[in-house]
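Structural overview for review
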Amino acid sequence: AAGVIQSPRHLIKEKRETATLKCYPIPRHDTVYWYQQGPGQDPQFLISFYEKMQSDKGSIPDRFSAQQFSDYHSELNMSSLELGDSALYFCASSHLAGNTIYFGEGSWLTVV
Amino acid sequence: ELKVEQNPLFLSMQEGKNYTIYCNYSTTSDRLYWYRQDPGKSLESLFVLLSNGAVKQEGRLMASLDTKARLSTLHITAAVHDLSATYFCAVKETSGSRLTFGEGTQLTVNP
């Protein structure tokens, strides 16, 4: 079965640079979520979209922005990167009427 | 603000033994999730619990939910080494779509 696809899987950026993460949800899923997981931490909710509209917002820095496109893929844009942004970024998707939220493999961001 | 607490945070057990991980949460919820995570890997969905008294079982794992006590348990029966991983509970509030995760329980099953 198709899963949530994230790209790139790994990226290394320097401080003050910009990074863009992409997420392709499971087909026919209408809700996309972004989470950030620091080393040894639990995942922290950043933002979610339902039918291409922002549906919930968590502790997402102002330097970060996200959107969901007409084909339902989503992108997380991170600017003015800081060392503390180094983390594993997960995208997840679900069908609103369903129960399970499926996570992608994650994108490792290292800021040096 | 929703708080989710798991205990224990670290659990080392012998193969063949039974143990329970506890997940307490602070506000009303309509869904509780259990996930497994291997180091550096994705979050694998184990169970979704929707209602008070819900019990689900898959292999050596069984999850239950008591919404009145705001408590979920993940019971491990006759542990095997392959169960070694970090287990997270996550709670969805009645309003909104976000999941709030517990700190995770790092389980090590020793031969």
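Shown above is the structure to which this text applies.
Everything numeric here is computed off the predicted structure, so don't read it as measured data.

So, on to the state of the cysteines. Here, disulfide denotes a covalent bond that connects the sulfur atoms of two cysteines. For the structure shown, the criterion picks out two disulfides over all chains. The disulfide partner of Cys23 of chain A is Cys91 of chain A, and the S-S distance across this bridge is 1.8 Å. Across the S-S bond linking Cys23 of chain A and Cys91 of chain A, the dihedral sits near -60°, which makes this disulfide left-handed. Of this pair, Cys23 of chain A sits in strand S3 (residues 19-24) while Cys91 of chain A sits in strand S9 (residues 87-94), and the two are 68 residues apart along the sequence. By the burial criterion, Cys23 of chain A is buried, and Cys91 of chain A matches it. Here Cys23 of chain B pairs with Cys89 of chain B through a disulfide, and the sulfurs are 2.0 Å apart. Sign of the S-S torsion, about 80° for the bond between Cys23 of chain B and Cys89 of chain B, identifies this disulfide as right-handed. Placement of the pair is Cys23 of chain B in strand S3 (residues 19-25) and Cys89 of chain B in strand S9 (residues 85-93), with a sequence separation of 66 residues. Each of the two residues, Cys23 of chain B as well as Cys89 of chain B, counts as buried.

This part is about the side chain of Thr20 of chain B. Residue and element names in this part refer to chain B. Locating Thr20 in the fold gives a position in strand S3. Here the side chain of Thr20 touches His75 through a polar contact of 2.7 Å, side chain to side chain. Apart from residues no more than four positions distant in its own chain, Thr20 is found in contact with Pro8, Thr73, Leu74 and His75.

With that out of the way, let us pick up the environment of Glu51 of chain A. All names here are of chain A. Position of Glu51 relative to the elements: it lies in the loop between strand S5 (44-50) and strand S6 (53-57). Among the residues examined, Glu51 registers a relative accessible area of 32% and is labelled partly exposed. Remark: the alpha-carbon pair of Glu51 and Pro8, spanning 43 residues in sequence, is separated by 24 Å. Those residues in contact with Glu51, other than ones at most four positions away along the chain, are Asp30, Gln68 and Tyr72.

Attention shifts here to the interface of chain B and chain A. Counting residues at the interface gives 19 residues for chain B and 23 residues for chain A. Taking both sides of the interface into account, the surface hidden between chain B and chain A amounts to around 1,600 Å²; carbon and sulfur atoms contribute 51%. The residue Arg98 of chain B makes a salt bridge to Asp56 of chain A at a minimum N-O spacing of 2.8 Å. Inspection of the chain B/chain A interface yields 10 residue pairs in polar contact (both at pLDDT 80 or more). Elements with a contribution of two residues or more to the side of chain B that touches chain A: strand S4 (29-37), strand S5 (43-49) and strand S10 (99-101) of chain B. The dominant element in the side of chain B that touches chain A, judged by the number of residues it contributes, is S4 of chain B, at four residues. Classifying every residue of the side of chain B that touches chain A gives eight nonpolar, seven polar and four charged.

What follows is about the sheet that holds strand S1 (residues 5-7) of chain A. All names here are of chain A. Across the sheet, which stays open at both edges, the four strands sit in the order S1-S3-S8-S7 with antiparallel pairing between neighbours. Each of the sheet's edge strands pairs with one partner strand only, and the pair in question is S1 and strand S7 (64-68). Direction aside, neighbouring strands of the sheet carry axes that sit 15° apart on average. In this sheet, strand S8 (residues 74-78) lies alongside S3 in antiparallel orientation, the contact comprising five bridges. Bridging from a neighbouring strand, Lys22 pairs with Glu75 of S8.

Take unusual backbone geometry next. For the peptide bond that leads from Ser7 of chain A to Pro8 of chain A, omega is -10°, which places it in the cis range. Of note, Pro8 of chain A is situated in the loop between S1 and strand S2 (10-13). Between Asn7 of chain B and Pro8 of chain B the backbone carries a cis peptide bond, its omega angle lying at 0°. Looking at where Pro8 of chain B falls in the secondary structure, it is placed in the loop between strand S1 (4-7) and strand S2 (10-14).

Rules of the game
- Residues numbered from 1 in each chain as written.
- Chains lettered and ligands numbered in written order.
- Predicted model: local features only at pLDDT ≥ 70, side-chain atom pairs only at ≥ 80, totals over all residues.
- Heavy atoms only, no water.
- Disulfide = S-S within 2.5 Å.
- Helix = DSSP H or I, 4+ residues; strand = E, 2+ residues; numbered from the N terminus.
- Buried < 20%, exposed > 50% of the residue type's maximum accessible area, 1.4 Å probe, protein only.
- Polar contact = N/O pair within 3.5 Å; in protein donor to acceptor, adjacent residues only side chain to side chain.
- Contact = heavy atoms within 4.5 Å.
- Buried area = accessible area lost by both parts, 1.4 Å probe.
- Salt bridge = Lys/Arg side-chain N within 4 Å of Asp/Glu carboxyl O.
- Nonpolar A, V, L, I, M, F, W, Y, C, P; charged D, E, K, R; others polar.
- Pairing = 2+ DSSP bridges.
- Axes fitted to C-alpha atoms, helices over the stretch in contact; angles between N-to-C directions.

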